[in-house]
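Chain by chain, the residues:
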There are 2 protein chains.
Amino acid sequence: MPRKRDSKNQGGDGLPLNASKSNPDRAPKKFKPALGSGDSDGQSSGLDQFLPYPIHKVNRLLEPGPVLLVATGSLTNKTHNIMTMGFHMMIQHQRPTLIGACIGPWDKSYDNLKKTGECVLAVPAVEMLETVVDIGNCSGEDVNKWETFGVKPVPAPDPAFAYGSGDGKGAEEERARAPFIGGEGVIANIQCVVEDRALVARYNLWVLRVIGAWINKEMDLEYGQGNQTPGDAGDSVGGGELRKREMKMAHHRGDGRFVVDGQEVDMRDRMVKWKEFQD
Amino acid sequence: MPRKRDSKNQGGDGLPLNASKSNPDRAPKKFKPALGSGDSDGQSSGLDQFLPYPIHKVNRLLEPGPVLLVATGSLTNKTHNIMTMGFHMMIQHQRPTLIGACIGPWDKSYDNLKKTGECVLAVPAVEMLETVVDIGNCSGEDVNKWETFGVKPVPAPDPAFAYGSGDGKGAEEERARAPFIGGEGVIANIQCVVEDRALVARYNLWVLRVIGAWINKEMDLEYGQGNQTPGDAGDSVGGGELRKREMKMAHHRGDGRFVVDGQEVDMRDRMVKWKEFQD
């Protein structure tokens, strides 16, 4: 388990961990962490843990098949719920970035999704796996999962501040106000709106469009960062000098067993046909 | 790398490797390996490498998110092609078992799938990863991938002989004659027919129905076998006493890097809500 740290006060490697706060101009669209979410009173909303991540690279988070958490509803009206999900896929890299996800009427989240048309997909690291499993084994009808499992709902930022918003169908005028899922065990939060309900009635299959993606800035996400320029590593999409923790994904084997990310094999030299996905 | 072995002549652990041949009654529906595929002349078609696997457990192969190979077309008329695919998901466990897969017009396999409405999804083990990547980085328009990469197309058995056929919509009267993908690096072959084309035009998203699943009988598939009775391990769904090789899946990280299955974490005790998926 990684050491516990105070995200406010600890630096490390001589770099300010709140780089995006001290130097907001380097973040896309002058994003300020915890925007409008209570940061001004000295209380962190939890949002300052995350940095904008390129929407068109979301496949790097989802294609390996991690078990996910899904947040729906709204913090404002206390309808926010959280569930665990294993059935999902990338559908399209970009223009727009699309994800398929199975959420059925047996999930309380189904009603939320139907009503609001938006959700947040969070990628948990393996250190959070017990919580992830427990969240998937009870219903929001019966318990307040956030409180029961000590998971922090984080007010979501306006997707207009997301990295690469404007990619696709004009994310800026839209909103995905389902909360982020906070906590040091969360690798990323991906803001989605429902793009297509055509297969919901038949298969509970939702086509979601990504309008914002945010990555844990402590994440040692060696993959997914591509050929970032070194000087750009501090406060935009994580990685680089800020690499601190190796956060491994867990993949559900379908029967309660999970396999954790192991060795990495680099085949980029052989990917002659798909160079555009390596940037 | 596992040692190379002759699947015809080696036993191991005192168990006959061709158990399903010597004791065909124990396999579902008296399945005979290499049925009608040239076994009688002493030449193995490659099919005897695989054992029937329960269709309703296919999620255990696909839910972790492995990179896949896809075979389409037909051996008979020499239209068989093979491609690599990273965008797929489980949609439904059973009744029927459904999979989503993205195959677009940029893939030669798209035309085959459109025409025949059937395909085979193969799960490759990491030892086959270089080949998997190379197959994904050229087109069947330009090369015969089977020959170029030394991958053996295996005549597919009648799905009526699959374990659990009859689950769903009467697999027996159907056919999925796209070839299996042979070779000791292949974990499983999953026979599919197209169930729904509703989202193909919009997103190249095919809903596939599984009509047969077959697992490498050498596979040390500790997971996916559930609580098999020990005496049943020899010739039906692999695992058990026959466990020989640990075959790890590879998960594409979206940019040419792959993460290989690592440590397993058993959370079955916490899966109180979904016991039916642990059998």
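Here's a quick rundown of the structure. (Residues numbered from 1 in each chain as written. Chains lettered and ligands numbered in written order. Predicted model: local features only at pLDDT ≥ 70, side-chain atom pairs only at ≥ 80, totals over all residues. Heavy atoms only, no water.)

### Focus: the overall build of chain A
As a reminder, the rule being used: A run of H or I in DSSP becomes a helix once it reaches four residues, and a run of E becomes a strand once it reaches two; helices and strands are each numbered from the N terminus. We call two residues in contact whenever any of their non-hydrogen atoms come within 4.5 Å of each other. All accessible-area figures derive from a Shrake-Rupley calculation using a 1.4 Å probe, and residue coverage is judged against the displayed protein chains alone.
If you tally the helices and strands in chain A, you get six helices and 12 strands. The contacts in chain A between residues at least 6 apart in sequence include a share of 70% that link residues at least 24 apart. Only carbon and sulfur atoms are counted for the fraction: they give 48% of the accessible area of chain A, which is about 10500 Å².

### Re the relation of the copies chain B and chain A
Definition in use: Least squares is the method used to superpose the copies, on C-alpha atoms of residues holding a pLDDT of at least 70 in both.
For the match of chain B to chain A, the screw axis carries a shift of 0.0 Å, the RMSD comes to 0.0 Å, and the turn is 180 degrees. What we have between these two chains is a two-fold relation. A share of 100% of interface residues in chain B that are also interface residues in chain A marks the association as one of identical surfaces.

### Re the pattern of salt bridges
Inclusion rule: What counts as a salt bridge is simple: a side-chain nitrogen of Lys or Arg found within 4 Å of a carboxyl oxygen of Asp or Glu.
Within the structure shown, the criterion is met by 20 salt bridges over all chains. Where Asp196 of chain B meets Arg202 of chain A, a salt bridge forms, and the shortest distance between an N and an O atom there is 2.6 Å. Separated into two different chains, Asp196 of chain B in strand 9 (residues 186-196) and Arg202 of chain A in helix 6 (residues 200-203) make up a pair that spans both. Arg257 of chain B is paired through a salt bridge with Asp255 of chain B; the nearest N and O atoms lie 2.9 Å apart. One salt-bridge network, held together by shared partners, links Arg60 of chain A together with Asp255 and Arg257 of chain B.

### Topic: the sheet that holds strand 11 (residues 250-252) of chain A
Strand pairs in the sheet, formed through backbone hydrogen bonds, run parallel or antiparallel to each other. For the record, the criterion: Here a strand pair is declared whenever DSSP counts at least two bridges between the two strands. To get an axis, a line is fitted to the C-alpha atoms, and for a helix only the part in contact is used. The angle between two axes follows their N-to-C directions and goes from 0 to 180 degrees.
Reading across the sheet, the four strands line up as 11(A)-12(A)-12(B)-11(B) and stay open at both edges, with antiparallel pairing between neighbours. One side of each edge strand has no neighbouring strand; the edge strands of this open sheet are strand 11 of chain A together with strand 11 (250-252) of chain B. Averaged over neighbouring strand pairs, the angle between their axes works out to 45 degrees when direction is ignored. Bridge count between strand 12 (residues 257-266) of chain A and strand 12 (residues 257-266) of chain B: seven bridges; the pairing is antiparallel. Looking at strand 12 of chain B, one finds that Asp261 of chain A is bridged to Asp261 of chain B.

### Some remarks on the side chain of His80 of chain B
All names here are of chain B. Counted only if it meets this: A 1.4 Å probe rolled over the protein chains alone gives each residue an accessible area, and that area as a share of the maximum for its type sets the label: buried under 20%, exposed over 50%, partly exposed in between.
Relative to the helices and strands, His80 is located in the loop between strand 2 (68-72) and strand 3 (81-85). Its relative accessible area of 15% is what places His80 among the buried residues. Each residue touching His80, except ones within four places of it in the same chain, is listed here: Thr72, Gly73, Ser74, Leu75, Trp146, Pro153 and Pro179.

### A look at the interface of chain B and chain A
Threshold: Here the quantity called buried area is the total loss of accessible area, with a 1.4 Å probe, experienced by two parts when brought into contact, counted for both.
Of the residues lining the interface, 63 residues belong to chain B; the matching set on chain A comes to 63 residues. Of the roughly 6000 Å² buried between chain B and chain A on both sides combined, carbon and sulfur atoms contribute 56%. Three residues stand out in chain B for area buried against chain A, namely Phe87, Arg253 and Arg257 of chain B, and they jointly supply 14% of the buried area on that side. There are 12 salt bridges connecting chain B and chain A. Residue Arg270 of chain A pairs with Asp134 of chain B through a salt bridge whose shortest N-O separation is 2.8 Å.

### Looking at the nonpolar core
Worth spelling out the cut-off: Think of a nonpolar core as a cluster: buried Ala, Val, Leu, Ile, Met, Phe, Trp, Tyr and Cys residues, connected wherever their side-chain atoms sit within 4.5 Å.
Judged by nonpolar contacts, the single largest core of 86 residues is most densely connected at Leu121 of chain A together with Leu121 of chain B. When neighbours within four sequence positions are excluded, Leu121 of chain A is seen to be in contact with Leu62, Leu68, Leu69, Val70, Met85, Ile99, Ala188, Asn189, Ile190, Cys192 and Leu208 of chain A.

### With respect to the pairing of strand 6 (residues 118-124) of chain A
All names here are of chain A. Burial analysis of strand 6 places seven of its seven residues in the buried class, which makes it a mostly covered element. The alternating pattern of strand 6 places Glu118, Val120, Ala122 and Pro124 and Cys119, Leu121 and Val123 on opposite faces, both of which are buried. With three bridges joining them, strand 2 (residues 68-72) and strand 6 adopt antiparallel strand pairing. The residue of strand 6 that forms the bridge with Leu69 is Ala122. Examined bridge by bridge, strand 6 and strand 9 (residues 186-196) share seven bridges and lie antiparallel to one another. The residue of strand 9 that forms the bridge with Leu121 is Ile190.

### Digging into the environment of Asp279 of chain B
Residues and elements named next belong to chain B. In this fold, Asp279 is placed in the segment after strand 12. For Asp279, a relative accessible area of 39% corresponds to the partly exposed category. A sequence separation of 222 residues divides Asp279 from Lys57, and the C-alpha atoms of the two residues are 9.3 Å apart.

### Quick look at the packing of aromatic side chains
Definition in use: We call Phe, Tyr and Trp rings a pair once their centres come within 6.5 Å, taking the six-membered ring for Trp, and we label the pair stacked below 30 degrees between planes, edge-to-face above 60, and tilted otherwise.
Applying the stated criterion across every chain yields a total of six aromatic pairs over all chains. Aromatic side chains Tyr110 of chain B and Trp206 of chain B sit 5.7 Å apart centroid to centroid with 75 degrees between the ring planes, which places their arrangement in the edge-to-face category. Of this pair, Tyr110 of chain B sits in helix 3 (residues 108-116) while Trp206 of chain B sits in strand 10 (residues 205-216); the two residues are 96 residues apart in sequence, bridging distant segments of the chain. The same class applies to Tyr110 of chain B and to Trp206 of chain B, which are both buried. Between Phe180 of chain B and Trp214 of chain B the ring centres are 5.9 Å apart and the planes differ by 55 degrees, which places this aromatic pair in the tilted class. Note that Phe180 of chain B is positioned in strand 8 (residues 180-181) and Trp214 of chain B in strand 10, a separation of 34 residues in sequence. By relative accessible area, Phe180 of chain B is classed as buried at 0%. Each member of the aromatic cluster is reached from another via a ring pair, and the members are Phe50, Phe180 and Trp214 of chain A.

### Regarding helix 3 of chain B
All names here are of chain B. Counted only if it meets this: Here the arc refers to the directions that run from the helix axis out to each C-beta atom.
Taken as a whole, helix 3 has its buried residues at Ser109, Tyr110, Asn112 and Leu113. Axial view of helix 3: buried residues confined to an arc of 165 degrees, hence all on one face. Packed against the buried residues of helix 3 are strand 2, strand 3, strand 6 (118-124), strand 9, helix 6 (200-203) and strand 10.

### As for the environment of Asn81 of chain B
All names here are of chain B. Operational definition: We call two N or O atoms a polar contact when they sit within 3.5 Å, provided that within protein one can donate a hydrogen and the other can accept it, with sequence-adjacent residues counted only if both atoms are side-chain atoms.
Its place among the elements puts Asn81 in strand 3. Residues Asn81 and Val70 lie 11 residues apart in sequence; the distance between their C-alpha atoms is 8.1 Å. What Asn81 contacts, discounting residues up to four positions off in sequence, is Val70, Ala71, Thr72, Lys108, Ser109, Asn112, Gly140, Lys145 and Trp146. A polar side-chain atom of Asn81 sits 3.5 Å from a polar atom in the side chain of Ser109.

### Looking at the side chain of His93 of chain A
Its place among the elements puts His93 of chain A in the loop between strand 4 (88-92) and strand 5 (98-102). Exposure remark for His93 of chain A: the relative accessible area of 17% places this residue in the buried category. Each residue touching His93 of chain A, except ones within four places of it in the same chain, is listed here: Ile55, His56, Asn59 and Phe277 of chain A together with Phe87 of chain B.

### Some points on the environment of Gly254 of chain A
Tracing the backbone shows Gly254 of chain A in the loop between strand 11 and strand 12. Placed 167 residues apart in sequence, Gly254 of chain A and Phe87 of chain A show a C-alpha to C-alpha distance of 9.8 Å.

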